[in-house]
Amino acid sequence: MKNTELQDHLYALEERLLHPDREADRTALIPFFADEYREFCTSGRVFNRQQVIDVLLTSAARHATIHHFYIAQLAENIVLATYRATTSVAVSHRSSLWVFRDNRWQLLFHQGTIAS
């Protein structure tokens, strides 16, 4: 996959995860999370895979946009994605570590930090 195609693909995955309410079947998003997934939230909390899936399956609709999406390929099967997310309550810097496993990209780690 070319760099621009990979960037577009990972952007689309980030969008789907940012707006799970748009999915006809939210359970289709579960395979995007690696078994050992961790997330450092803007609230300061740390979530594991199951906690994030629980939120994903029950979250309400929210307005959020992604800006300045950029990827850096760290290895053939590892990509760091960084971007700025804007919601109705905050602007945050986000980073996601994606790994290619089982013939698909999976989210291994995500962090959101409130922007100043």
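Further up the page is the structure itself.
The present account deals with the structure reproduced in this document.

Thresholds, definitions, all that
Going along each chain's sequence as written, the residues are numbered from 1 onward. Thresholds applied to this predicted model are a pLDDT of at least 70 for local features of residues and 80 or more for the giving and counting of side-chain atom pairs; totals over whole chains, interfaces and linings are not thresholded and use all residues. By convention in this description, side-chain values take in all heavy atoms of the structure and omit both hydrogens and water. A run of H or I in DSSP counts as a helix once it spans at least four residues, and a run of E counts as a strand once it spans at least two, with each numbered from the N terminus. For a compact globule the rule gives 2.2 Å times the number of residues to the power 0.38, and the radius of gyration it is set against comes from C-alpha atoms. Think of it in three bands: residues with accessible area under 20% of the maximum for their type are buried, residues over 50% are exposed, and the middle band is partly exposed, with areas taken using a 1.4 Å probe on protein chains only. Contacts are assigned to residue pairs with any non-hydrogen atoms lying within 4.5 Å of each other. Only the protein chains shown count as cover for residues, and all accessible areas are computed by the Shrake-Rupley method using a 1.4 Å probe. Strand pairing is assigned whenever DSSP detects at least two bridges linking the two strands. Note on definitions: salt bridges are taken to be side-chain nitrogens of Lys or Arg within 4 Å of carboxyl oxygens of Asp or Glu. In this analysis an axis means a line fitted to C-alpha atoms, helices contributing only their contacting stretch, and an angle means the value between N-to-C directions, from 0 to 180 degrees.

Turning to the overall build of the protein chain, a few remarks are in order. For the protein chain, the helix and strand inventory stands at two helices and six strands. In the protein chain, the order of α-helices and β-strands from amino to carboxyl end is α-β-β-α-β-β-β-β. Taking 2.2 N^0.38 as the reference for a compact globule, 116 residues should give roughly 13 Å; the C-alpha atoms of the protein chain span a radius of gyration of 13 Å, in line with that estimate. Across its three principal axes, the protein chain shows a C-alpha extent of roughly 35 × 30 × 25 Å. Put simply, the protein chain has 116 residues, and 37% of those count as buried. Put simply, 42% of the contacts in the protein chain that link residues at least 6 apart link residues at least 24 apart. Summed over its atoms, the accessible surface of the protein chain is roughly 6,800 Å², and 52% of this surface lies on carbon and sulfur atoms.

Turning to the pairing of strand E3 (residues 64-75), a few remarks are in order. The side chains of a regular strand alternate between the sheet's two faces. Two elements, E3 and strand E4 (residues 78-87), share nine bridges in a ladder whose sense is antiparallel. Bridge pairing in E4 links Ala64 to Thr87.

With the rule as written, the count across this model stands at four salt bridges. A salt bridge links Arg22 to Glu15, with the shortest nitrogen-to-oxygen separation between them at 3.5 Å. On the basis of relative accessible area, Arg22 is assigned to the exposed category, the value being 58%. Exposure remark for Glu15: the relative accessible area of 17% places this residue in the buried category. Note that Arg101 and Glu36 form a salt bridge whose closest N and O atoms lie 2.7 Å from each other.

Another point: unusual backbone geometry. Positive phi values are uncommon outside glycine, yet His68 reaches one of about 55 degrees. You can see His68 is positioned in strand E3. What makes His68 exposed here is its relative accessible area of 68%.

Read across the open sheet, the six strands follow the order E2-E1-E6-E5-E4-E3; overall the sheet is mixed. The open sheet has two edge strands, strand E2 (46-48) and E3, and neither has a second partner. The sheet shows a mean angle of 15 degrees between the axes of neighbouring strands, direction not considered. For strand E1 (residues 33-40) and E2, the ladder comprises three bridges, and the chain directions are antiparallel. Looking at the pairing, Arg38 lines up with Asn48 of E2. Packed on one face of the sheet, helix H1 (residues 3-18) meets E1, E3, E4, strand E5 (91-101) and strand E6 (104-114) and runs near 130 degrees to E3. Packing of helix H2 (residues 49-58) onto the sheet brings it into contact with E1 and E2, and relative to E1 it is tilted by some 80 degrees.

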